[in-house]
Amino acid sequence: MPSKQYKREVIRKLLLPIFLIIAAILYRPAMNFFGMGQAQTTLTGAPADGKTLSVYYLDVGQGDATLITKGDFHMLIDAGKSGVTTDYLQELGIGKLDVLVGTHPDNDHVGGFDEVLESVEVDTVYMPQMEKDTKACRDIRNALKHAGQISEVPEIGKEYTYEDNVIFRFLSPRRQYSDSNNNSLVLQLAYGKTYFLFMGDAEEEVEDELLQEGVDLSCDVLKLGHHGSYTATSSAFLKKTDPVYGVISCGRDNSYGHPHAEVLARLEDEDVQVYRTDTMGTVQAVSDGESVKLSTEGRKQQ
């Protein structure tokens, strides 16, 4: 039976001419995207150049850290807890990050942020506006000050391009939420014809708003929100994103019960291939710009 990824490629090739004709007929001056800049529901892609892009969903226990690399471009989304992420950077020989993103100020996402800032050179730091008065946040502020850095609040909807064809944009938050999880920076990344979506700890409230906005959320790999909690990855959101692969970052035998059975059932219903750091260790996704292949290294962290 043809794989989901193969069927998707066939459908894309068949539908592309139709979409181009419709777009040409219906084109009109764009409205604001999320109230900022031009309307753009689909992230602009750029042709691949024969090189590979790797996305490492790092095994940091009960937490999040995702490393994206292509050529000389290196980007880290979250840094897990203290003492883990920097080891991976050293192992891969990475001494500089072009972009460092803290999706939100929970310790399991930014507990190792200060160590990263102290151990490697960082060009740009993005964090949401909302902060917590926690040790992790105080350590980040001190590390930023020591490194002579400032954290920027990214522009929602704006496209950022590196290596000529690695393109990403922030989709959320577009407003302040009472729950810090929903204030997570949500990112979408494109390389060639392949797409990745990183949800941080954003939950159904954010998912519903993205669906209502009509943003093209389709992706080859979905990094599930909130470690596979039932509070995220709704059935409607999963159908819209339509991923081939779903990656869950969580710790072995964690006290939260992540990932929850309801979410695993939804993934199975949608024929999504599941990769979990708690049982498989670090997950590596490799894209050649046409398709994505995933592999695992086995468990390291608890």
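Every value quoted in this text rests on a predicted model; they were computed, and no experiment measured them.

Definitions and cut-offs
- Residues numbered from 1 in each chain as written.
- Predicted model: local features only at pLDDT ≥ 70, side-chain atom pairs only at ≥ 80, totals over all residues.
- Heavy atoms only, no water.
- Buried < 20%, exposed > 50% of the residue type's maximum accessible area, 1.4 Å probe, protein only.
- Helix = DSSP H or I, 4+ residues; strand = E, 2+ residues; numbered from the N terminus.
- Pairing = 2+ DSSP bridges.
- 1 Å grid on protein atoms, 1.4 Å probe; cavity = no way out; pocket = protein on both sides within 12 Å on 5 of 7 lines; lining within 4 Å.
- Points joined across faces, edges and corners; volume = space filled by probe spheres on them.
- Nonpolar A, V, L, I, M, F, W, Y, C, P; charged D, E, K, R; others polar.
- Arc of directions from axis to C-beta.
- Contact = heavy atoms within 4.5 Å.
- Salt bridge = Lys/Arg side-chain N within 4 Å of Asp/Glu carboxyl O.
- Polar contact = N/O pair within 3.5 Å; in protein donor to acceptor, adjacent residues only side chain to side chain.
- Axes fitted to C-alpha atoms, helices over the stretch in contact; angles between N-to-C directions.

K.L.:
Break down the pairing of strand S10 (residues 166–172) for me, with residues and values.
P.N.:
Along S10, 7 of the 7 residues are buried, which leaves the element largely enclosed by surrounding structure. Across 4 bridges, the pairing between strand S9 (residues 159–162) and S10 is antiparallel. Counted as the bridge partner of Tyr162 is Val166 from S10. The hairpin turn running from S9 into S10, its antiparallel successor, is 3 residues long, and Glu163 in that turn takes a positive phi close to 55°. Sheet topology note: the S10/strand S11 (residues 186–191) ladder contains 6 bridges and is antiparallel. Among the inter-strand pairings, Phe168 is bridged to a residue of S11, identified as Leu189.

K.L.:
Tell me about the layout of surface pockets, residues and numbers included.
P.N.:
Its volume calculated, the second largest pocket comes out at about 150 Å³. As for the second largest pocket, its lining consists of Gln62, Lys81, Asp106, Asp108, Asn181, Asp201, His226, His227, Tyr256 and His258. In the lining of the second largest pocket, the residues fall into 1 nonpolar, 5 polar and 4 charged.

K.L.:
Which residues make up helix H8 (residues 261–269), and what values go with them?
P.N.:
Among the residues of H8, Val263, Arg266 and Leu267 are the ones counted as buried. Take H8 and look down its axis: the buried residues cluster within an arc of 100°, on one side only. Exposed and oriented more than 90 degrees from the buried face of H8 are Ala261, Glu268 and Asp269. On the buried face of H8, the contacting elements are helix H7 (235–241), strand S14 (245–248) and strand S15 (273–276). Looking at the residues trailing H8, positive phi occurs at Asp271, about 60°.

K.L.:
Which residues make up the pattern of salt bridges, and what are the values?
P.N.:
Taken as a whole, this structure holds 12 salt bridges when the rule is applied. For Lys223, the salt bridge identified is with Asp64, shortest N-O distance 2.7 Å. A residue pair is termed long-range when its members are at least 10 positions apart, and Lys223 in strand S13 (residues 221–223) and Asp64 in the loop between strand S3 (53–57) and strand S4 (66–70) qualify at 159 residues. A relative accessible area of 3% places Lys223 in the buried class. In this structure, Glu213 engages Arg174 in a salt bridge whose closest nitrogen and oxygen atoms are separated by 2.3 Å. Taken together, the residues span a long stretch of sequence, with Glu213 in helix H6 (residues 204–213) and Arg174 in the loop between S10 and S11 at a distance of 39 residues.

K.L.:
Hey, could you go over the side chain of Asn165 for me, with residue numbers and the actual values?
P.N.:
Within the secondary structure, Asn165 sits in the loop between S9 and S10. Exposure remark for Asn165: the relative accessible area of 4% places this residue in the buried category. Polar contacts involving the side chain of Asn165 include one to the main-chain carbonyl oxygen of Pro47, which spans 3.1 Å. Every residue in contact with Asn165, bar those within four places of it in the chain, is listed here: Ala46, Pro47, Ala48, Asp49, Lys70, Ala190, Tyr191 and Gly192.

K.L.:
So what about the sheet that holds S4? Which residues, and what values?
P.N.:
Taken together, the 8 strands give an open sheet; going across it, the order is S8-S7-S6-S5-S4-S3-S16-S17, and neighbouring strands pair in mixed fashion. The open sheet has two edge strands with one neighbour each: strand S8 (151–152) and strand S17 (292–296). Examined bridge by bridge, strand S5 (residues 73–77) and strand S6 (residues 96–101) share 3 bridges and lie parallel to one another. Looking at S6, one finds that Leu76 is bridged to Leu100.

K.L.:
I'd like to hear about the sheet that holds S15, residue by residue, with values.
P.N.:
Pairing between sheet strands relies on hydrogen bonds along the backbone, with the strands arranged either parallel or antiparallel. An order of S9-S10-S11-S12-S13-S14-S15 is seen for the 7 strands of this open sheet, with the pairing classed as mixed. The open sheet has two edge strands, S9 and S15, and neither has a second partner. Across this sheet, the average inter-strand angle for adjacent strands is 20°, counted without regard to direction. Both strand S12 (residues 194–198) and S13 contribute to a ladder of 3 bridges, which runs parallel. Bridged to Phe196 within S13 is Val221.

Any functional reading would require information that these geometric values do not contain.
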